[in-house]
Amino acid sequence: MNGKVDRERGSRVLAAIGVVTLMACGVLVWQVTPESTSRASLVLKKRPMQLLDGVYMLGSLSPSVAYVIDSSEGLILVDSGLEADCTALLQQIKYLQLDPSRIKKVLLTHAHGDHVLGAMYLSRLTKAKVYGGKRDLDVLQIGGPREAMFSTYDMPDVQPHPTTIDVSLSGGETIELGDTRIEVIATPGHTPGSLCFLLERDDQRILFTGDTISTITGDLGTYGTYLPSRFRSNAADYLASLKTLRNIAPPDILLPGHPQIGLAQSATPVTMSPGGMMPEEEGIPAEVTEDQWRAMLDTGIKEMELLVERFTADGRDFLDGKPIQLLDDLFYLGDFTSSAVYVLKDRDRLIVFDPPAGAGFLEFLEKRLGLLKQPLDRVDAVVLTSCDPEHSGGLPRLIQKYDPVVFASQQGLTQLRQQLPRNTKFKAAETSGDGSEWPFRAIAVTGRGVAPVAYTFQRNDKRVLISGRFPAKLDSRGQVREFLRDLGGPEGDAAAYLDSLDILEPLQPDIWLPTSPVNGQNANLYDDGWRDVIERNRKAIRESDRR
Ligand SMILES: [Zn+2]
């Protein structure tokens, strides 16, 4: 039986909760039906639940959950939820017939807002001591920056605040309260200060994992490791932590930070979305067999090993505002007035893509190239993926100073000729390509922006695509909304845009350089990354059509 939950005790608990449910009056009533919990001995649901003797889940918080451990000397809380959830949290504790004034310790699994922002309120209320990971202290103490508090799961309505940590933890400590001992395991990776807490009770090893393992059935919370460092996840650390967990004796019960997130695959970086929540009446098992435990960690270890290998081989080519050399003579200079600027050197020639409007662009170009040890003494070509000001507004000064050839789509040239000096050297993008003296090939696209066109070229055996606003990287609902608004605007045409996606999809670039990198996205594409980007665009349009 591998030390599983006593079914008889489980049914006693159930009967007791049933009685409480019948007696409960007021707004918050969580219905517990015998058949809904009888399939497995311990199933986590979105409600307050007793899991074992003295171990409870406060499951009706959003988006994370919190747990309560009852000791002979008081209550220990694992994570606090958001401050706005404190009322719900306290109601759930009372519903479980526990006394909130007995909360003595609040243990925080990591610095993310949905796990910590209630802690200050609760410690003021109960004088409880707050425990947190040492390597998350910097973020907790100032309550920011936002990316460190929310990663890509931003909650725009939630204002973060500082959290005072009374006891900072590095891993290896034992936290004691009365008859209860909790071991602290440092598991950096999701955040630098991520912790797991191990409790042994009734011969059961109970592991609280926060977002190191955010859900048993879904992904391990690895999404952040695909992001640049400002989101504070780290693939190498995460890999080491999974190996740490693989080396301890397997737990019997796994209590993660987001048990309600459904069956998401872990192979591709996904942003957690509230859409992934499980329906309320379905639950997930909290018991984990040794085989499940090892398989889950082995999957994560494999995924992280591959990611670390790719970062080592190809560079961590995040388009996150910091200038970098991507490939031989191909540079990302960062963002100017929120548009990414790319420069390609071809033999002696310097090619600038999409100079945005705004004062100081030439200075930006010189400074950023200087940081990459590249002098700016010539610009031979300016290549436009569209003729709107965001992509072409920096042209006049470049022309004045360097007299470059300007590449734009045939249609765009007609417009540019009216705006730019008569002696400007224009070239239709359509004439570039095989046999041309220029290294890139133009790909005609339509449906978004002014006279759009995309460009592809080979460098270091990699296929590079510079494609302006085609496609859009859509990781959040906000990005989908903005994209659909743009597509519904005067320069948008959804049907034409869909046709363009069909043209771009088979290109399968290795390096994709868009105008608006999302969340500092990696320039390198792997596996189904490109197809996934294209498919999300199609899906967003399909779903807006249906509405
Ligand atoms: Zn988290």
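It should be noted that the structure appears before, not after, this text.
Residues numbered from 1 in each chain as written. Predicted model: local features only at pLDDT ≥ 70, side-chain atom pairs only at ≥ 80, totals over all residues. Heavy atoms only, no water.

Draft legend 1. Just the overall build of the chain, in detail. For the chain, the helix and strand inventory stands at 16 helices and 25 strands. Each of the 547 residues in the chain was classed as buried or not, and the buried ones make up 56%. If you take every contact in the chain between residues at least 6 apart in sequence, the share linking residues at least 24 apart comes to 66%. Approximately 23200 Å² of the chain is accessible, and the part contributed by carbon and sulfur atoms is 50%. (Helix = DSSP H or I, 4+ residues; strand = E, 2+ residues; numbered from the N terminus. Buried < 20%, exposed > 50% of the residue type's maximum accessible area, 1.4 Å probe, protein only. Contact = heavy atoms within 4.5 Å. Areas by Shrake-Rupley, 256 points an atom, 1.4 Å probe, with all protein chains shown as cover.)

Draft legend 2. Structural context of the sheet that holds strand β20 (residues 405–408). Strand order in the open sheet formed by seven strands is β15-β16-β17-β18-β19-β20-β21, with mixed pairing between adjacent strands. Here the strands that pair on one side only, and so sit at the sheet edges, are β15 (324–327) and β21 (425–428). Across this sheet, the average inter-strand angle for adjacent strands is 25°, counted without regard to direction. Here β15 runs beside strand β16 (residues 330–336); their pairing, made up of three bridges, is antiparallel. Opposite Gln325, over in β16, you have Phe331 as the bridge partner. The sheet strands contacting helix α13 (residues 410–419) are β20 and β21, and the helix crosses β21 at an angle near 160°. (Pairing = 2+ DSSP bridges. Axes fitted to C-alpha atoms, helices over the stretch in contact; angles between N-to-C directions.)

Draft legend 3. Layout of the sheet that holds strand β13 (residues 253–256). The strand order across the open sheet formed by five strands is β9-β10-β11-β12-β13, and the pairing between neighbours is mixed. Lying at the two open borders of the sheet, with one neighbouring strand each, are β9 (174–177) and β13. Strand-to-strand, the axes of this sheet are offset by a mean angle of 25°, without reference to chain direction. Here five bridges tie strand β10 (residues 180–186) to strand β11 (residues 195–201), and the two strands are oriented antiparallel to one another. Bridged to Ile185 within β11 is Cys196.

Draft legend 4. Spatial organisation of the environment of Ser386. Locating Ser386 in the fold gives a position in the loop between β19 (381–383) and α11 (389–392). When the C-alpha positions of Ser386 and Val453 are compared, they lie 6.3 Å apart, and in sequence the two are 67 residues distant. Leaving out residues up to four positions away in the same chain, Ser386 has contacts with Asp354, His391, Ser392, Val450, Ala451 and Pro452. Within polar-contact distance, the side chain of Ser386 engages the side chain of Asp388 at 2.8 Å. A distance of 3.0 Å separates a polar atom in the side chain of Ser386 from a polar atom in the side chain of His391. (Polar contact = N/O pair within 3.5 Å; in protein donor to acceptor, adjacent residues only side chain to side chain.)

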